Amino acid sequence: MQGRNDNQVQGIDVSHWQGSIDWSRVKASGKRFVFIKATEGKSYRDQEFLSNVNGARLAGMLVGAYHFVNAVTVADAKLEAANFVSRLQAAGGASRFELPPVMDYENNPGNLSRSAIDAIALAFLQEVERLSGRKPIVYTGNAFAQNFSSTLSGYDLWIARYSNTRVPDDAPAWKTWHFWQYTDSGQVDGIRGGVDVNVYRGTLDELKARYTTATGGQQGGDNPMTTEEKQAFAALQAMVKAQSDRIASLTDSRDLLKTSISGVDQRLQKVEQSHAMPIPAWASEAVQKAEAAGLIQESDGGSYDFYRLLTVLDRKGLI
């Protein structure tokens, strides 16, 4: 496969292991994209996923998400795909990510044959695309890539090979890479300890041209916002800007988000006081999430508009 050069855009990938990240410093260090761990297996969800997504977005980075595959059957692969896409939806849907969803398949816990590994990979990739509307890419190690047949050659490759001198090896499915993870111990301002560092095969403009659209993500299966949803989202954006003007510096993106949404909560509480109604069943999940996040106080009643806006914010992955 090809080597690296100084014109290629740099990025990172992270999970909860990196702890709290100062995303503004990461961006200022020259890193322009990030892949963030969302899920693993059939049920695991990285606890820092939504926080990392929000922080990276606020810093202006190109954001993608990845899933670590543990499946040993095709049926398991489809369940893992559903877990992954569900988490993407919690962050606003696959179409809100500038970078494609990623299948991280790098080990063989079931001691499977190459044909079984290939079948699991294809099932996962196809199910993710069916559920999300976006074509995923493949992350794997230099040696493990030999397990995949040419069936997967239509999917872009993100390869891991930790070397400054040796390029990744050709594999049956790929003779070239789109992303290369060339170290797992990079030092990046804003992150404590070592972190995976990656390079895209081209420039930042070429990266955007390949994976994003003018609306901030490939066209996918997610439904466009309704007029009501656009108005709610615009109100939230205005509140975020107003709060940002009163904050001297941003050290924790989660604090900024909570501060911004608290203003929305205050407005909704005024409406709630004059138009109280019991919590409807369709809004119960959004109310529970907002209470758990500390964004609203426990309440035994509110207005229809209050519950509707909470549901919109939940659907967009903002609470």
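Residues numbered from 1 in each chain as written. Predicted model: local features only at pLDDT ≥ 70, side-chain atom pairs only at ≥ 80, totals over all residues. Heavy atoms only, no water.

Participant: Teacher, can you tell me more about helix 3 (residues 74-90) here?
Facilitator: For an α-helix, the turn length of 3.6 residues means that residues three or four places apart are oriented alike. In a regular helix each residue adds 1.5 Å, so 17 residues correspond to 24 Å; helix 3 covers 25 Å between its end C-alpha atoms and thus fits that length. Taken together, the buried positions of helix 3 are D76, A77, E80, A81, N83, F84, V85, R87, L88 and A90. Packing partners of the buried residues in helix 3 comprise strand 2 (33-40), strand 3 (44-45), helix 2 (49-59), strand 4 (62-68), strand 5 (102-104) and helix 4 (114-132). In the segment just after helix 3, G92 is the residue with positive phi, at about 110°. (Helix = DSSP H or I, 4+ residues; strand = E, 2+ residues; numbered from the N terminus. Expected span 1.5 Å × (residues − 1). Buried < 20%, exposed > 50% of the residue type's maximum accessible area, 1.4 Å probe, protein only. Contact = heavy atoms within 4.5 Å.)

Participant: Before we go on, may I ask you to explain the confidence of the model for the protein chain in this structure?
Facilitator: Should the pLDDT be low somewhere, the predicted coordinates at that spot are not to be read in detail. Overall, the prediction assigns the protein chain a mean pLDDT of 85, with 79% of residues at 70 or greater. Across residues 214-226 the pLDDT falls below 50, and counting only partners more than four positions away or on other chains, this stretch makes 34 contacts in the model. (pLDDT = per-residue confidence, 0-100.)

Participant: Please explain the pairing of strand 1 (residues 10-14) as it appears in this structure.
Facilitator: Remark: a regular strand shows side chains that alternate across the two faces of the sheet. Judged by how many residues are buried, strand 1 sits mostly within the fold: four of five residues are covered. Sheet topology note: the strand 1/strand 9 (residues 195-200) ladder contains four bridges and is antiparallel. Each residue of the ladder has a partner; that of I12, found in strand 9, is V197. As paired strands, strand 1 and strand 2 are joined by four bridges and run parallel to one another. Residue pairing across strands places D13 opposite F35, the latter belonging to strand 2. (Pairing = 2+ DSSP bridges.)

Participant: Mind showing me how you'd approach the environment of Y66 here?
Facilitator: Tracing the chain through its elements places Y66 in strand 4. Given a relative accessible area of 9%, Y66 falls into the buried group. The sequence separation of Y66 and D104 amounts to 38 residues, and the corresponding C-alpha distance is 6.4 Å. Residues contacting Y66, with those up to four places away along its chain left out, are V14, S15, F35, I36, K37, A38, T39, F84, V102 and D104.

Participant: I'm lost on the packing of aromatic side chains in this one. Help?
Facilitator: Aromatic rings considered in pairs are described by the distance between their centres and by the relative angle of their planes. Enumeration over the complete set of coordinates arrives at 17 aromatic pairs. Between the aromatic rings of F35 and F179, the centroid separation amounts to 5.2 Å while the plane-to-plane angle is 85°, which identifies the pairing as edge-to-face. Taken together, the positions of F35 in strand 2 and F179 in strand 8 (residues 179-186) put the pair 144 residues apart, joining distant regions of the chain. Ring geometry for F84 against F124: centres 6.3 Å apart, planes inclined by 15°, an arrangement best described as stacked. Of the two residues, F84 sits in helix 3 while F124 sits in helix 4, which places them 40 residues apart along the sequence. For the residue pair F84 and F124, the accessibility class agrees, reading buried in each case. Counting every residue linked through ring pairs, the aromatic cluster contains F33, F35, Y66, Y139, W158, F179, Y200 and Y211. Here the guanidinium or amino end of R4 rests over the ring plane of Y182, the centre of that ring lying 3.8 Å away. A cation over a ring is seen here: K135 above Y155, with NZ or CZ 5.1 Å from the ring centre. (Phe/Tyr/Trp six-rings, centres within 6.5 Å; stacked < 30°, edge-to-face > 60°. Lys NZ or Arg CZ within 6 Å of the ring centre and 35° of its normal.)

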